[in-house]
Amino acid sequence: MLETWLTRNLDIEVPILGAPMGGRAGGLLAGEVSRAGGLGLLGAARYATPQWIAEEAAVARELGGRFGVGLMTWSLDDDDSLLDAAIEQQPALLTLSFGDPAAYVPRVHAAGIPVASQVNTLEDMRIAERAGVDLIIAQGGEAGGHTGRIGTLPLLQELLDATGLPVAAAGGIGTGRGLAAVIAAGAEGALIGTALLASPETVGPDYARDRVVEAGSADTVYTSVFDRARSQPWPSRWGGRAIANEFTRTWEGAAGSEETLAQAYDPADPSLGVVYAGEAVGLVHAARPAGDVVRQIAADAERLLARFA
C-alpha cells in the first residue's frame, strides 16, 4: 500500500522523509529515520560547516545507510561551499529549497544525486520545475520553521494539478492519518519534522523537547522576530513558525531594532528562545524515539489505506 515514487527511486521502505531541520536534524536523527525505513535528511543550515556535514553524514550512514541533505538555496548564492560538501558525501537525495535552484541542480545531477525542492506557491513550483528538479515537496504554512502562507492541502491540490513531477507533502503531517490523506490525494509521500522534534535523537536543549510535548496545535505563531533577533538574513517572504512564548508576545508586531531584539533574546531560556515547530505539535504527546514515530506513522497509514484497496 505504501509503494510510491519515493520508495522506488530512493530505495526506501516507506514514503517518509525526515525534514532537514536546521539546528535540530543531525546525523543521529537522520540515521534513525532511515533505519526505520524512511530517509532522514541532515539540516545543513546557513551557519553549518563542511566539517559538520562530513561528521554528521558519517553518523547517519553508520546508523541507517542512506540519508539526504537539505540546503537553503538563498544562502548558497553567497557561499556554495556547503553544496560541494554535501555532494561529496553522496547522499541519496539533496534538497534545494527557498530560492531558485537552477544554478545548482546541474552540479548535483552530475554527481548522480536526485534533487528535491520544497515550494510554497505555484510560482515556486514552476521555478523549481524549470530548474530540472526531480521531486517537488509542497510545504504548507502549517509546517514548523521557515515556510510559506498557503495551507498544505490547498497547495498540494494545486501543485498536483499543475505538474507531471512527483510531489510529496510537508506541513501538518504527524500521524498515519496525515500520511494516508496526502497519499490518497496523489502525493508520493510526506516530509515530517514536527512529529520528530520531541525525539531524543534531535539536536538541541531538553527544554525544546519539553515545549513540543506541552504545546497544543493552536500554540504556534508565524513570525520573523527570531530571525531579526539572531541576525539571520532570511528573505522577507519566509517567516518561521515557532511555539509562542514571552518573546513573541512581547515583540511580534512591536517596534524594535535588531540590536534591541538581540539583547532581549536568550537561547537558554524557554520563554525567550526559539523552538520552531509546526501546527502538528498538538499531535506530539511524548518524547518517543524517532524510529518508533516513523514506523507507527507508516503502519497506521498502511492500515487506513487498506480500507480502500
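Our subject is the structure listed above.
Residues numbered from 1 in each chain as written. Predicted model: local features only at pLDDT ≥ 70, side-chain atom pairs only at ≥ 80, totals over all residues. Heavy atoms only, no water.

J.: Account for the overall build of the chain, naming residues and giving values.
T.: Helix and strand counts for the chain stand at 14 helices and eleven strands. At 18 Å, the chain has a C-alpha radius of gyration in line with the 19 Å of a compact globule built from 309 residues. The principal-axis extents of the C-alpha atoms in the chain amount to approximately 55 × 40 × 40 Å. Relative to its 309 residues, the chain shows a buried fraction of 56%. Residue pairs in contact within the chain that sit at least 24 positions apart in sequence constitute 64% of those at least 6 positions apart. For the chain, the exposed surface amounts to about 12400 Å²; the carbon and sulfur share of it is 49%. Taken as two groups, the 22 positive and 38 negative side-chain charges of the chain have centres that lie 4 Å from each other. (Helix = DSSP H or I, 4+ residues; strand = E, 2+ residues; numbered from the N terminus. Rg over C-alpha atoms; globule rule 2.2 N^0.38 Å. Buried < 20%, exposed > 50% of the residue type's maximum accessible area, 1.4 Å probe, protein only. Contact = heavy atoms within 4.5 Å. Areas by Shrake-Rupley, 256 points an atom, 1.4 Å probe, with all protein chains shown as cover. Lys, Arg positive; Asp, Glu negative; His and termini not counted. Charge placed at Lys NZ, Arg CZ, Asp CG, Glu CD.)

J.: Residues and numbers for the pairing of strand E2 (residues 39-44), please.
T.: Summarising burial for E2: six of the six residues are buried, a large majority. Burial along E2 is two-sided: the residues Leu 39, Leu 41 and Gly 43 and Gly 40, Leu 42 and Ala 44 are all buried. One ladder, built from two bridges, connects strand E1 (residues 16-18) with E2; its direction is parallel. If you follow Gly 18 over to E2, its bridge partner there is Gly 40. Handedness of the E1-helix H2 (residues 27-35)-E2 crossover: right-handed. For E2 and strand E3 (residues 68-72), the ladder comprises four bridges, and the chain directions are parallel. Note on E3: the bridge partner recorded for Leu 41 is Gly 68. What joins E2 to E3 is helix H3 (residues 50-64), and the crossover it makes is right-handed. (Pairing = 2+ DSSP bridges. Right-handed = clockwise from strand over helix to strand, strands pointing away.)

J.: How would you sum up H3? Please name residues and give values.
T.: In this model H3 runs 21 Å from its N-terminal to its C-terminal C-alpha over 15 residues, within 8% of the 21 Å that 1.5 Å per residue would give. Along H3, the residues classified as buried are Ile 53, Glu 56, Ala 57 and Ala 60. Buried positions in H3, seen along its axis, are confined to an arc of 110° and lie on one side of it. Residues of H3 that are exposed and angled more than 90 degrees away from the buried face: Gln 51 and Glu 62. On its buried face, H3 is in contact with H2, E2 and helix H5 (81-88). (Expected span 1.5 Å × (residues − 1). Arc of directions from axis to C-beta.)

J.: How would you summarise unusual backbone geometry if you had to cite specific residues and measurements?
T.: With a phi close to 55°, Asp 11 is a non-glycine residue in the positive phi region. Phi at Ser 231 takes a positive value of approximately 55°, unusual for a residue other than glycine. By secondary structure assignment, the location of Ser 231 is in the loop between helix H11 (225-229) and strand E11 (239-243).

J.: Outline the environment of Trp 74, listing residues and values.
T.: Within the secondary structure, Trp 74 is located in helix H4 (residues 73-76). Judged by relative accessible area, which is 12%, Trp 74 ranks as buried. Each residue touching Trp 74, except ones within four places of it in the same chain, is listed here: Arg 46, Ser 97, Phe 98, Pro 233, Trp 234 and Pro 235.

J.: Give a description of the pattern of salt bridges that names residues and reports values.
T.: Oppositely charged side chains can form a pair if their charged atoms are brought close together. Taken as a whole, this structure holds eleven salt bridges when the rule is applied. Measuring nitrogen to oxygen at the nearest pair gives 2.8 Å for the salt bridge that ties Glu 32 to Arg 35. Taken together, the residues Glu 32 and Arg 35, both in helix H2 and three residues apart, mark about one turn of the helix. On the basis of relative accessible area, Glu 32 is assigned to the buried category, the value being 13%. For the salt bridge of Arg 107 with Asp 84, the shortest nitrogen-to-oxygen distance reads 2.6 Å. With Arg 107 in helix H6 (residues 105-110) and Asp 84 in helix H5, this pair connects stretches of sequence that are 23 residues apart. (Salt bridge = Lys/Arg side-chain N within 4 Å of Asp/Glu carboxyl O.)

J.: Give a detailed account of the packing of H2 against helix H14 (residues 290-306), specifying residues and quantitative values.
T.: Between H2 and H14, the shortest axis-to-axis distance is 8 Å and the interhelical angle comes to 35°. The interaxial crossing formed by H2 with H14 has right-handed handedness. Facing Leu 29, Glu 32, Val 33 and Arg 35 of H2, the residues of H14 in contact are Ala 290, Gly 291, Val 294 and Arg 295. Looking at the contact of H2 with H14, its residues break down into four nonpolar, one polar and three charged. (Axes fitted to C-alpha atoms, helices over the stretch in contact; angles between N-to-C directions. Left-handed = near helix turned anticlockwise from the far one by under 90°. Nonpolar A, V, L, I, M, F, W, Y, C, P; charged D, E, K, R; others polar.)

J.: Please give an account of the nonpolar core that cites residues and values.
T.: A general trend in soluble globular proteins is that nonpolar side chains are found buried together. Of all hydrophobic cores here, the largest spans 89 residues; its most connected members are Leu 17, Leu 71, Leu 83, Leu 94 and Leu 96. Ignoring sequence-local partners within four residues, the contact set of Leu 17 consists of Leu 6, Leu 10, Leu 39, Leu 41, Leu 93, Leu 135, Ile 137, Ala 190, Leu 191 and Ile 192. Core analysis: the second largest hydrophobic core is formed by ten residues, Val 225, Ala 242, Phe 247 and Tyr 265 among them. (Core = buried A, V, L, I, M, F, W, Y, C linked by side-chain atoms within 4.5 Å.)

J.: Explain the packing of helix H9 (residues 176-185) against H14 residue by residue, including any values.
T.: Close contact between H9 and H14 brings their axes to 7 Å; oriented N to C, the two are set at 50°. With respect to each other, H9 and H14 are oriented oblique. Of the two possible hands of crossing, H9 and H14 adopt the one that is right-handed. Listed contacts from H14 to Gly 176, Arg 177, Leu 179, Ala 180, Ile 183 and Ala 184 of H9 are Ile 297, Ala 298, Asp 300, Ala 301, Leu 304 and Leu 305. (Parallel < 35°, antiparallel > 145°, perpendicular 65-115°, else oblique.)

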